[in-house]
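# Observations on chain architecture
Residue strings, one per chain:
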Amino acid sequence: MYHVERPVFNEGYIDSELLHRKKRTSKSLQRRIAEHLRCSSEKAKSVVFGFLPILTWLPSYPLKQYLFGDIVSGISTGVMQLPQGLAYAMLAAVPPVFGLYSSFYPVLLYTFFGTSKHISIGTFAVISLMIGGVAVREAPDSMFAVNGTNASQVVDFEARDARRVEVVVALTTLVGIIQLVLGLLRFGFLAIYLTEPLVRGFTTAAAVHVSVSQIKYLLGVHTARFNGPLSVVYSLDAVFRNIASTNVVTLIIGLVCTVFLYFIKDLNERFKKKLPIPIPGEIIVVIVSTGISYGMVMSENYGVEVVGKIPTGLLPPKIPDFSVFPNLFPDAFAISVVGFSIAISLAKTFALKHGYSVDGNQELIALGLCNFMSSFFHTFVVTASMSRSLVQESTGGHTEIAGLLASILVLLVVVAIGFVFQPLPTTVLAAIIMVNLLGMFKQLKDIPALWRTSKIELAIWLVSFFASVLLGLDYGLVVAMGFAILTSFVLFLKAEECSGIKIFFFYTSIYFANSDLYVSALKAKVRPNLGVTHEVVAGPKKQMDHVYNNGQMNENHTESDSEDDFFLQRLTPIHTIILDFTPVNFIDSVGAKCIKSVSQQLLFPKKTLEDRLVRSG
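Thresholds applied
Residues numbered from 1 in each chain as written. Predicted model: local features only at pLDDT ≥ 70, side-chain atom pairs only at ≥ 80, totals over all residues. Heavy atoms only, no water. Helix = DSSP H or I, 4+ residues; strand = E, 2+ residues; numbered from the N terminus. Buried < 20%, exposed > 50% of the residue type's maximum accessible area, 1.4 Å probe, protein only. Contact = heavy atoms within 4.5 Å. Areas by Shrake-Rupley, 256 points an atom, 1.4 Å probe, with all protein chains shown as cover. 1 Å grid on protein atoms, 1.4 Å probe; cavity = no way out; pocket = protein on both sides within 12 Å on 5 of 7 lines; lining within 4 Å. Points joined across faces, edges and corners; volume = space filled by probe spheres on them. Nonpolar A, V, L, I, M, F, W, Y, C, P; charged D, E, K, R; others polar. Expected span 1.5 Å × (residues − 1). Polar contact = N/O pair within 3.5 Å; in protein donor to acceptor, adjacent residues only side chain to side chain. Phe/Tyr/Trp six-rings, centres within 6.5 Å; stacked < 30°, edge-to-face > 60°. Lys NZ or Arg CZ within 6 Å of the ring centre and 35° of its normal. Salt bridge = Lys/Arg side-chain N within 4 Å of Asp/Glu carboxyl O. pLDDT = per-residue confidence, 0-100. Patch = residues over 30% accessible without salt bridge, like charges linked within 9 Å, V, L, I, M, F, W, Y side chains within 5 Å.

What follows deals with the overall build of the protein chain. The helix and strand tally for the protein chain stands at 27 helices and six strands. Burial statistics for the protein chain: of 617 residues in total, 45% are counted as buried. Counted over contacts in the protein chain with a minimum sequence separation of 6, partners at least 24 positions apart contribute 79%. Here the protein chain displays about 33200 Å² of accessible surface, and carbon together with sulfur accounts for 63% of that area.

Let's shift gears to empty space enclosed by the protein. Rolling a probe over the atoms, with the probe sized like a water molecule, indicates the empty space that remains. By the definition in use, this model includes six cavities of 30 Å³ or more. Roughly 420 Å³ of internal volume is contained in the largest cavity. Taken together, 30 residues make up the lining of the largest cavity; nearest its centre are Leu 129, Gly 133, Phe 226, Asn 227 and Ser 231. Looking at the lining of the largest cavity, the elements with two or more residues in it are helix H5 (63-91), helix H8 (125-138), helix H10 (196-219), helix H11 (231-241), helix H15 (325-354) and helix H23 (473-493). Element by element, the count of residues in the lining of the largest cavity is highest for H8, at seven residues. Considered class by class, the residues forming the lining of the largest cavity number 14 nonpolar, eleven polar and five charged.

Next up on the list: the layout of surface pockets. Empty space within the largest pocket amounts to approximately 1600 Å³. Of all the secondary-structure elements, those providing two or more residues to the lining of the largest pocket are helix H6 (97-102), H8, helix H9 (157-184) and H10. The element best represented in the lining of the largest pocket is H9, accounting for nine residues. Among the residues forming the lining of the largest pocket, the class breakdown is 25 nonpolar, nine polar and 13 charged. The volume enclosed by the second largest pocket comes to roughly 1300 Å³. Along the wall of the second largest pocket there are 44 residues; nearest its centre are Lys 265, Glu 269, Ser 387, Leu 390 and Val 391. At the level of elements, H5, helix H12 (248-270), helix H13 (281-296), H15, helix H17 (386-394), helix H19 (426-436) and helix H20 (438-441) are the ones that each hand at least two residues to the lining of the second largest pocket. Considering every element that reaches the lining of the second largest pocket, the biggest residue donor is H12, with seven residues. Tallied by class, the residues present in the lining of the second largest pocket amount to 26 nonpolar, nine polar and nine charged.

End to end, helix H22 (residues 455-471) covers 23 Å across 17 residues, agreeing with the expected 24 Å (1.5 Å per residue, within 8%). Every buried residue of H22 is listed here: Leu 458, Ile 460, Trp 461, Ser 464, Phe 465, Ala 467, Ser 468 and Val 469. The inward-facing, buried residues of H22 abut H10, H11, helix H21 (446-453) and H23. Of the residues trailing H22, Gly 472 is marked for its positive phi of about 100°.

The next subject is the environment of Ser 394. Along the chain, Ser 394 falls in helix H17. Each C-alpha atom of the pair Ser 394 and His 118 lies 9.5 Å from the other, and the pair is 276 residues apart in sequence. Here the side chain of Ser 394 touches Leu 390 through a polar contact of 2.8 Å, landing on its backbone oxygen.

By the element assignment, Gln 84 lies in helix H5. Apart from residues no more than four positions distant in its own chain, Gln 84 is found in contact with Thr 123, Glu 282, Ser 385, Ser 387, Arg 388 and Asn 436.

With that settled, the discussion passes to helix H7 (residues 105-113). Within H7, seven of the nine residues are buried, which leaves it mostly tucked inside the rest of the structure. The set of residues buried in H7 consists of Tyr 105, Pro 106, Val 107, Leu 109, Tyr 110, Thr 111 and Phe 113.

Now for the packing of aromatic side chains. Scanning the entire structure with this criterion turns up twelve aromatic pairs. Ring centres 5.3 Å apart and planes at 65° place the aromatic pair Phe 51 and Phe 113 in the edge-to-face group. Pair noted here: Phe 51 is in helix H3 (residues 41-51) and Phe 113 is in helix H7, with a separation of 62 residues, a long-range link. Judged by its relative accessible area of 37%, Phe 51 is partly exposed. Seen in terms of ring centroids, Phe 98 and Tyr 101 are 5.5 Å apart; in terms of plane orientation they differ by 90°. Their pairing is edge-to-face. Placement of both Phe 98 and Tyr 101 in helix H6 is noted, with a separation of three residues, approximately one turn of the helix. Since its relative accessible area comes to 2%, Tyr 101 is described here as buried. Ring pairs connect the aromatic residues Trp 57, Tyr 61 and Tyr 66, which therefore count as one cluster. Over the ring of Tyr 356 we find Lys 117, and its NZ or CZ is 5.0 Å from the ring centre. We note Lys 455 situated over the ring of Trp 451; from NZ or CZ to the ring centre the distance is 4.6 Å.

This paragraph deals with the pattern of salt bridges. Enumeration over the complete set of coordinates arrives at 13 salt bridges. The salt bridge involving Arg 163 is made with Glu 166; its shortest N-O contact spans 2.7 Å. Taken as a pair, Arg 163 and Glu 166 lie in helix H9 at a separation of three residues, close to a single helical turn. Look at Arg 163 and you get partly exposed, because its relative accessible area is 24%.

To continue, consider the confidence of the model for the protein chain. Chain-level statistics for the protein chain give a pLDDT mean of 82 and a share of 85% at 70 or above. This model gives residues 604-610 a pLDDT under 50, and the stretch forms seven contacts once residues within four places in sequence are excluded. Within the model, the stretch residues 612-617 combines pLDDT values under 50 with three contacts to residues more than four positions away or in other chains.

With respect to the helices and strands, Asn 247 occurs in the loop between H11 and H12. In this structure the side chain of Asn 247 is engaged in a polar contact, spanning 3.1 Å, whose partner is the backbone nitrogen of Val 249. Residue contacts for Asn 247: discarding those within four places in its chain leaves Leu 219, Gly 220, Tyr 302, Gly 303 and Val 304.

Counting through the fold element by element, Val 232 comes out in helix H11. Those residues in contact with Val 232 that sit more than four places away from it in its chain are His 209, Val 212 and Val 469.

Judged by side-chain polarity, Phe 226, Leu 230, Val 233, Tyr 234, Phe 466, Leu 470, Leu 471, Tyr 475 and Val 479 come together as a nonpolar surface patch covering roughly 790 Å² of accessible area. Counting only elements with at least two residues in the nonpolar patch, the list comes to H11, H22 and H23. By the secondary structure assignment, Val 479 is in helix H23. Assessed through its relative accessible area of 36%, Val 479 is described here as partly exposed.

Positive phi outside glycine occurs at Ala 93, with the angle close to 65°. Residue Ala 93 is classed as buried on the basis of its relative accessible area of 8%. Here the phi dihedral of Arg 186 falls at roughly 65°; this positive angle occurs in a residue that is not glycine. Here Arg 186 is to be found in the loop between H9 and H10.

This is the structure in structure tokens:
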């Protein structure tokens, strides 16, 4: 059932306000500011409801229809948030507990400020990898070398991690500020300049970077983390140089978890219509591997690298280090745009499916607030996660109450039982990350599809992919956006008129006073050699004369051959002329005769046109 309300207009309003609108008088700047700042109850209500979208649906929340689905969805999503938060913290180059913080505070805030009802806000692989690149660049291992030599370097990991956390938190604050400012300035349209081929090529390249970065954890080898151009090549080279030191136990655990997670993921996909909720494979491998690692003391007996210390409870708020802002601004801008692009594309997908709308500007504000306010509580940049959003929607989630419940579940783990995951092998987290990247690698199927449909979009996809793989995600994004803009200019310059087709657009009604103007303008555009006493086609006595008198048109034909021969011959290569009557709301009899004459000379069927004119009034 739809309820539509429209204002009722009377004739006086239409005549004075729409048809004969008076010229607006210029207003002073002081008056404009005063009118903008003028407050009324309705304006205040509109601002509050726009800033806090939860107020538009929470008062009418149907408990019986929605609550059970939101509870099941919230638990299912929260169960995914836990292992992904731990895993993606490794990508962000910070201790795992900060991934749990990032899975609580921003999710809680988005419930109040977001306009989407189905996306799951939190940690995401692509954004985490971009954050980690900045952290490694600003706080490399070499800055924290102690009592080491060139051959054997000892790193103060505690000091290094503390500094990286400071850098990441400052970056998150700056990203939040940028997104918040862009949202307040109504820059929600910004995402349209990141075309779908560009984003898909970029995220596929990010999946390559993430996969390469996790190989060392899967094998249990220790290598430096590389950043910048050719970092993928350097990372692979370092892994192969140290592959002889592979920890066999670590490799076995990682492979078993990878196979199990892939099997569960495939099972969930095959039987998603029959399963009430997806099988939580990630939390299963986390619990089981943690128990086995604890029981067998794998860290000490087999040298398996584990998560390590996870402090119980939440850390007190802390002001970020603003001194590093100048070094972080270019990275923060790129991360803020990519994060918003991912979130808004997912939000629009679910909104279209479920029949509601999302506000791009409010989504920017919501993400900005989530990142800015949460950064004071030691989080890193978040956005929407595709895998968790699909779970949240498919398990019966109707509103962001599901996200709220998921964040509460994460809070309970952080406050009560976070220390339980200390023996968790990092190779398990690497397996979780790599299996979750399968969806991104499936985007490689875009290449043959784009080859068949659009070579230009294929070029954008390939440039975005290879530039991001070889140059790094930051420089790759700049190159990809520059190339996408360049292609739009090239397409504009190469735009050509379709041979033989003309579209004629007339901006007013056609009647006795301007019918001759209509014909003259049409002749000037398409040049079909129509005119007053002008021979249309060379030949004996094949001539048509037109005499226009104050809008009255008289026709004279002199025919020696058949009429068909006359009309079937064309002097120009034009085969199709489209008369666009979109703004034409009235045609009188003289205008109709004018159009009939033109149609005859342009080989339009006379009877069909007469029928159309009669039907159009």
